[in-house]
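Fold and geometry: a report
One-letter residues, chain by chain:
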Amino acid sequence: MEIQTKDEIQAKTIDRKDFMKQVGLGFGAIMLMNCLQSCDGGEIPDPNPGGGNGNIDFTIDLNQMANSSLRTKGGFKVISDQKVIVARTLADTFIAVSSACTHQGTTVNYRPNSNDFLCPNHGSEFTAVGAVQKGPATSPLTKFATSFDETANTLRVFQ
Ligand code: FES
């Protein structure tokens, strides 16, 4: 059995302290890097993804009860977090435009009989592709593309 002197034991103790300091610094550096990566915006989800309608690409599952309004012709649904209104026309096609009226931001409604969108606030009207057909709004709604998967009963809305 090896016998250690007091100095040898003290040297090992210092080594352990140094080791722990280095581990601590390393851990701190990793945490700092994670923070900096998060802070550059690269991996933070957009809290308002539909705000500028910049990156619209989502899929609606029509099998879900919450989306049942889109199962019938003339039905529509506002996807609030995306600020998009999706409608199933009487001709059984899907249309999607930004839901915020370009006048003062009120959410528009779909009118199946005239196949257009009406703002209930001051009466602006927009065509099925979002063009202004009656003011006071002067700017169009943003139109989005749709792709219906009949087999899966899902609808993709995208730009
Ligand atoms: S907010 Fe839509 S017409 Fe004024």
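Just above, that's the structure.
Predicted, not measured: the structure shown is a model, and the values here were computed from it. For every chain, the first residue of the written sequence is number 1, and numbering continues from 1 onward in sequence order. Note on the predicted model: pLDDT of at least 70 is required for a residue's local features to be given, and 80 or more for side-chain atom pairs to be given and counted; whole-chain, interface and lining totals, by contrast, use all residues. To get the side-chain values, take all heavy atoms of the structure and skip hydrogens and water.

**Topic: the overall build of the chain**
- Here a helix means four or more residues in a row that DSSP labels H or I, a strand means two or more in a row labelled E, and each is numbered from the N terminus. Tallying secondary structure elements over the chain gives one helix and ten strands in all.
- If you list the helices and strands of the chain from N to C, you get α-β-β-β-β-β-β-β-β-β-β.
- Whether two residues are in contact is decided by their heavy atoms, any of which lying within 4.5 Å being enough. When contacts within the chain are restricted to residue pairs at least 6 apart in sequence, those whose partners lie at least 24 apart make up 37%.
- Summed over its atoms, the accessible surface of the chain is roughly 10200 Å², and 55% of this surface lies on carbon and sulfur atoms. All accessibility values rest on the Shrake-Rupley procedure with a 1.4 Å probe; residue burial counts only the protein chains present in the view.

**Brief notes about the sheet that holds strand 5 (residues 109-111)**
- Any two strands with at least two DSSP-identified bridges between them are counted as paired. With respect to topology, four strands assemble into an open sheet ordered 5-6-7-8, the strand pairing being antiparallel. In the strand order of this sheet, the two ends are held by strand 5 and strand 8 (132-134), each with one partner.
- Relative to strand 8, strand 7 (residues 125-126) runs antiparallel, the two being bridged by two bridges. Its bridge partner being in strand 8, Phe126 is matched across the sheet by Val132.

**Topic: the pattern of salt bridges**
- We count a salt bridge whenever a side-chain nitrogen from Lys or Arg sits within 4 Å of a carboxyl oxygen from Asp or Glu. Counted under the stated rule, the structure contains four salt bridges.
- Two residues, Arg88 and Asp92, come together in a salt bridge whose shortest N-O distance is 2.7 Å.
- One salt bridge in this structure joins Asp116 and Arg111, with 2.9 Å as the shortest N-O distance.
- Within the structure, one salt-bridge network assembled from shared partners comprises Arg111, Asp116 and Glu125.

Treat this as a map of the structure, not an account of what it does.
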